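Observations on chain architecture
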Amino acid sequence: MGVGRLAGGVRDRQVKTKRREFLGQALAPALAGWPPRRRPAAREFRLAATAAGYNGQVPGPGIRVREGDLLRVVLENRLSAPTSIHWHGVPVPNRMDGVRPVEPGGTFVYEFEARPAGTYFYHSHAGLQLDDGLFGPLIIEARDEGDYDREFVLMADDWLGRTTEAAYQELQRSGAGGMMGPGGDGGPAYQTYFLHPAGPLEVAVGDRVRLRLINASAATTYRFAVGGHRLRVTHTDGRPVVPVTVDALVVGVGERYDALLEATAAGVWPVALALADTGRVAARTELRYRGYLGDAVGLPEGLSRGRVLQYGDLVSAEGNEGLAARPDRVVDLTLSGNMGRYEWAISGALPDLQQGERVRMRFSNMSPMRHPMHLHGHFFRLLGTAGGSAAPPSKDTVIVPGPMGSVEWEFTADNPGEWLLHCHQVYHMESGMIRMLRYR
Ligand code: C2O
Ligand code: CU
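This text gives an overview of the structure that appears in the document. (Residues numbered from 1 in each chain as written. Chains lettered and ligands numbered in written order. Predicted model: local features only at pLDDT ≥ 70, side-chain atom pairs only at ≥ 80, totals over all residues. Heavy atoms only, no water.)

1. Focus: the overall build of the protein chain
- A tally of regular secondary structure across the protein chain gives 3 helices and 30 strands.
- Counting the 440 residues in the protein chain, one finds 55% classified as buried.
- Taking as baseline every contact in the protein chain between residues at least 6 positions apart, the subset at least 24 positions apart corresponds to 77%.
- With the model as given, the accessible surface of the protein chain reaches about 18,400 Å², and the carbon-plus-sulfur share is 51%. (Helix = DSSP H or I, 4+ residues; strand = E, 2+ residues; numbered from the N terminus. Buried < 20%, exposed > 50% of the residue type's maximum accessible area, 1.4 Å probe, protein only. Contact = heavy atoms within 4.5 Å. Areas by Shrake-Rupley, 256 points an atom, 1.4 Å probe, with all protein chains shown as cover.)

Below, the structure is given as structure tokens:
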């Protein structure tokens, strides 16, 4: 796959633009008549799935809309295999979830109201296509995004340098592969890793900078840090949390974090991803203050010391809306694998749910690997954090650590349909770590 600059990944927020928008709004009633129509604005994008990524670029084009917009995406399948697009994290109506295949040569029109605001991504949900580079960023902006001057969308990506079929066969031949180890991801060996966009993050002294970090890789957990700057984490998986300041983040496959950085230390600083397993630096770029030349020296200190964000630090900024005193149903699931045959499973009874039920899921991990578990169509509340029972954070993907690690989450069955529940390490998913949840 080729590596392109992330279109729409960098944005300057300028006061001038805001003023123009304001004037436009003031004039709108006179131009459009009164009362104004209530139809959401439709935003249309076209994505062709090709062997070199969406529209021939990796990551695919940046999709950026405002909360409440009607998002329409026309997918054209130019691959020789079926494909689909899944809107990772967005609680879309079931038929728009991108699980049903679109045949080669076919098209499909996805259409849904873009909400809630947040940092998401989109990707193929057919086989291992995500690891062929079929992914891109999806940003839903709030009507009021709060106070910052500049924003960068950063996507972490692992790169095979060979076909996914070849990588999958290697894994099956060699059991869990060369990357196996306690707490590891049990994925294929990657040739290299990317942090998109490749160019430097350019800032000015005094800027408040928003970073939207998306782990779009297929099988790699990273630690992320910026030299000379701390990160004030404001969102996880698009949902707001009570801000917490750290030196580094661990970001699992499919997870996203938004963080603010105060640009008060003029210079050129390293920005880097390290492999969470080994600490080896995987990909880097730099934070460059306007007018500063030269290269960043060394590595961000946060990769080796300082405070690393823990799930336990997270407190939802949304309070306790939708939380029940006790769940209506408890579902116990076990994550396990047969390393010799590279077969993975989620075992335990998955009952048909009733709409409106509050469901608690408890995962126990009997395998040595970590598993980034993802639920389609819903946000869940991650239990056992600093949010306590009043404000546990909302997420859509969470790492279940290995070995013998456990995670509990709760969600409300408020979006009827058939929903996948799976490990987002796509080689685990492809070899069995996936289940379907249903309710009407
Ligand atoms: Cu991004 Cu079924 O997942
Ligand atoms: Cu897994």
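So, next bit.
2. Here's the deal with the pattern of salt bridges
- Following the criterion strictly, the structure yields 33 salt bridges and no others.
- We note a salt bridge from Glu 418 to Arg 438, for which the minimum N-O separation is 3.1 Å. On the criterion of sequence distance, the pair formed by Glu 418 in strand E29 (residues 417–423) and Arg 438 in strand E30 (residues 434–439) is long-range, its members being 20 residues apart.
- For Arg 438, a relative accessible area of 38% puts it in the partly exposed group.
- Connected through shared salt-bridge partners, Arg 64, Glu 141, Glu 145, Glu 151, Arg 210, Arg 212 and Asp 258 make up one network. (Salt bridge = Lys/Arg side-chain N within 4 Å of Asp/Glu carboxyl O.)

3. Some points on the side chain of Arg 370
- The residue Arg 370 is located in the loop between strand E23 (358–365) and strand E24 (371–375) in this model.
- In this structure the side chain of Arg 370 is engaged in a polar contact, spanning 3.4 Å, whose partner is the side chain of Thr 221.
- Here Asp 277 takes part through its side chain, which lies 2.9 Å from a polar atom of the side chain of Arg 370. (Polar contact = N/O pair within 3.5 Å; in protein donor to acceptor, adjacent residues only side chain to side chain.)

4. As for the nonpolar core
- In terms of nonpolar packing, the biggest core is built from 73 residues, with Leu 211, Phe 224, Met 361, Phe 363, Trp 409 and Tyr 427 touching the most fellow members.
- Per-element tally for this core: the top contributor is strand E20 (residues 281–289), with 4 residues.
- If near-sequence neighbours (up to four positions away) are discounted, Leu 211 is found in contact with Phe 152, Leu 154, Leu 201, Phe 224, Val 226, Leu 231, Tyr 257, Asp 258, Ala 259 and Leu 261.
- Counting 27 residues, the second largest nonpolar core, distinct from the first, contains Leu 47, Leu 79, Trp 87 and Leu 138. (Core = buried A, V, L, I, M, F, W, Y, C linked by side-chain atoms within 4.5 Å.)

5. Topic: the coordination of the copper ion (ligand 2)
- Binding of the copper ion (ligand 2) to the protein goes through His 371 (ND1), Cys 423 (SG) and His 428 (ND1), at separations of 2.0 to 2.1 Å.
- Motif for the copper ion (ligand 2), donor spacing along one chain: H-x51-C-x4-H. Assigned by exposure class, Cys 423 and His 428 land together as buried. (Donors = N, O, S within 2.8 Å, 3.2 Å for Na, K, Ca; no water.)

6. Some thoughts on the sheet that holds strand E22 (residues 343–347)
- Strands sit in the order E22-E21-E23-E28-E25-E26 across an open sheet of 6 strands; the sheet is mixed. Taken across any chain shown, the strands that pair with only one partner, and hence form the sheet edges, are E22 and strand E26 (394–395).
- Bridge count between strand E21 (residues 329–338) and E22: 5 bridges; the pairing is antiparallel. The residue bridging Thr 334 from the neighbouring strand is Ser 347, located in E22. (Pairing = 2+ DSSP bridges.)

7. What about the environment of Pro 200?
- Among the secondary structure elements, Pro 200 is positioned in the loop between strand E11 (192–196) and strand E12 (201–203).
- Separated by 88 residues in the primary sequence, Pro 200 and Arg 288 place their C-alpha atoms 6.3 Å from one another.
- When neighbours within four sequence positions are excluded, Pro 200 is seen to be in contact with Thr 285, Glu 286 and Arg 288.

8. Some thoughts on the sheet that holds strand E5 (residues 70–77)
- Across the sheet, which stays open at both edges, the 4 strands sit in the order E3-E2-E5-E7 with mixed pairing between neighbours. Edge strands, defined here as strands with exactly one partner in the open sheet, are strand E3 (53–54) and strand E7 (107–113).
- Looking at chain direction, E5 and E7 are connected through 7 bridges and run antiparallel. From the neighbouring strand, Val 74 faces E7, where its bridge partner is Val 109.

9. Observations concerning the packing of aromatic side chains
- Scanning all chains against the criterion turns up 12 aromatic pairs.
- Relative to Tyr 193, the ring of Tyr 190 has its centre 6.0 Å away and its plane inclined at 55 degrees; by these criteria the two rings are tilted. Like Tyr 193, Tyr 190 is buried.
- Plain terms: the ring middles of Phe 380 and Trp 409 are 3.7 Å apart, the flat faces sit at 10 degrees to each other, and that makes the pair stacked. (Phe/Tyr/Trp six-rings, centres within 6.5 Å; stacked < 30°, edge-to-face > 60°.)

10. Regarding the pairing of strand E15 (residues 231–236)
- Where burial is concerned, most of E15 is hidden: 5 out of the 6 residues are buried.
- In the sheet, E15 pairs with strand E16 (residues 239–246) via 5 bridges, with the strands oriented antiparallel. Looking across to E16, one finds that Thr 236 is bridged to Arg 239.
- Count of turn residues in the E15/E16 antiparallel hairpin: 2 residues, of which Asp 237 carries a positive phi of about 50 degrees.
- In this structure, E15 lies alongside strand E18 (residues 256–262), joined through 4 bridges in antiparallel fashion.

11. Here we look at the environment of Ser 336
- Within the fold, Ser 336 resides in strand E21.
- With relative accessibility at 24%, the residue Ser 336 sits in the partly exposed group.
- The spacing of Ser 336 and Ser 364 is 28 residues in sequence and 8.8 Å in space, taken between C-alpha atoms.
- In this view, Ser 336 contacts Glu 343, Trp 344, Ala 345, Met 366, Ser 367 and Met 433; residues no more than four positions away in its chain are not counted.

12. Looking at the pairing of strand E9 (residues 135–141)
- For E9, the buried fraction is high: 7 of the 7 residues fall into the buried class.
- Burial along E9 is two-sided: Phe 135, Pro 137, Ile 139 and Glu 141 facing one way and Gly 136, Leu 138 and Ile 140 facing the other are all buried.
- Note: strand E4 (residues 63–66) against E9, 4 bridges, orientation parallel. Bridged to Ile 63 within E9 is Leu 138.
- Direction of pairing for strand E8 (residues 118–123) relative to E9: antiparallel, over a ladder of 6 bridges. Counted as the bridge partner of Tyr 122 is Gly 136 from E9.

Limitation: the analysis is restricted to geometry and does not speak to function.
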